[in-house]
Amino acid sequence: MDWVPVVFITFKVLVFGTCMFYAIKWHHDQGKKAKEEARLRQEAVERRPGTAE
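Residues numbered from 1 in each chain as written. Predicted model: local features only at pLDDT ≥ 70, side-chain atom pairs only at ≥ 80, totals over all residues. Heavy atoms only, no water.

Peer 1: Describe in detail a nonpolar patch on the surface, supporting the description with residues and values.
Peer 2: A surface patch of nonpolar side chains, about 530 Å² in accessible area, is lined by Met1, Trp3, Val7 and Phe8. Within the secondary structure, tryptophan 3 is located in helix H1 (residues 3-46). The class of tryptophan 3 is exposed, set by a relative accessible area of 54%. (Patch = residues over 30% accessible without salt bridge, like charges linked within 9 Å, V, L, I, M, F, W, Y side chains within 5 Å. Areas by Shrake-Rupley, 256 points an atom, 1.4 Å probe, with all protein chains shown as cover. Salt bridge = Lys/Arg side-chain N within 4 Å of Asp/Glu carboxyl O. Helix = DSSP H or I, 4+ residues; strand = E, 2+ residues; numbered from the N terminus. Buried < 20%, exposed > 50% of the residue type's maximum accessible area, 1.4 Å probe, protein only.)

Peer 1: Provide a residue-level description of the environment of glutamate 46, including the pertinent values.
Peer 2: Locating glutamate 46 in the fold gives a position in helix H1. For glutamate 46, a relative accessible area of 54% gives the class exposed. Taking the C-alpha atoms as reference, glutamate 46 lies 55 Å from isoleucine 9; in sequence the two are 37 residues apart.

Peer 1: Can you lay out the pattern of salt bridges for me, pointing to particular residues and giving the numbers?
Peer 2: Tallied over the entire structure, the rule returns three salt bridges. The partner of arginine 39 in a salt bridge is glutamate 36, with the nearest N and O atoms 2.4 Å apart. You can see arginine 39 and its partner glutamate 36 sitting in helix H1, three residues apart, about one turn around the helix. Classification of arginine 39 by relative accessible area gives partly exposed; the value is 38%. A relative accessible area of 35% places glutamate 36 in the partly exposed class. Across the pair arginine 39 and glutamate 43 runs a salt bridge whose closest N-O atoms are separated by 2.4 Å. Separated by four residues within a single helix, arginine 39 and glutamate 43 lie in helix H1, roughly one turn from each other. Glutamate 43 gets classed as partly exposed once you look at its relative accessible area, which sits at 28%. Through salt bridges with shared partners, a single ionic network connects Glu36, Arg39 and Glu43.

And the structure:
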């Protein structure tokens, strides 16, 4: 029964590590997505015909 805490702690570390990786990745991707959308909006405004420069 001495192996039970070792297995549970190892499993916990693996699960938390995986979750942290995907949480960081998701936030990073959301930041990139927001920057790209802002850039596309800015390009659309700059290419709008009939605006004074």
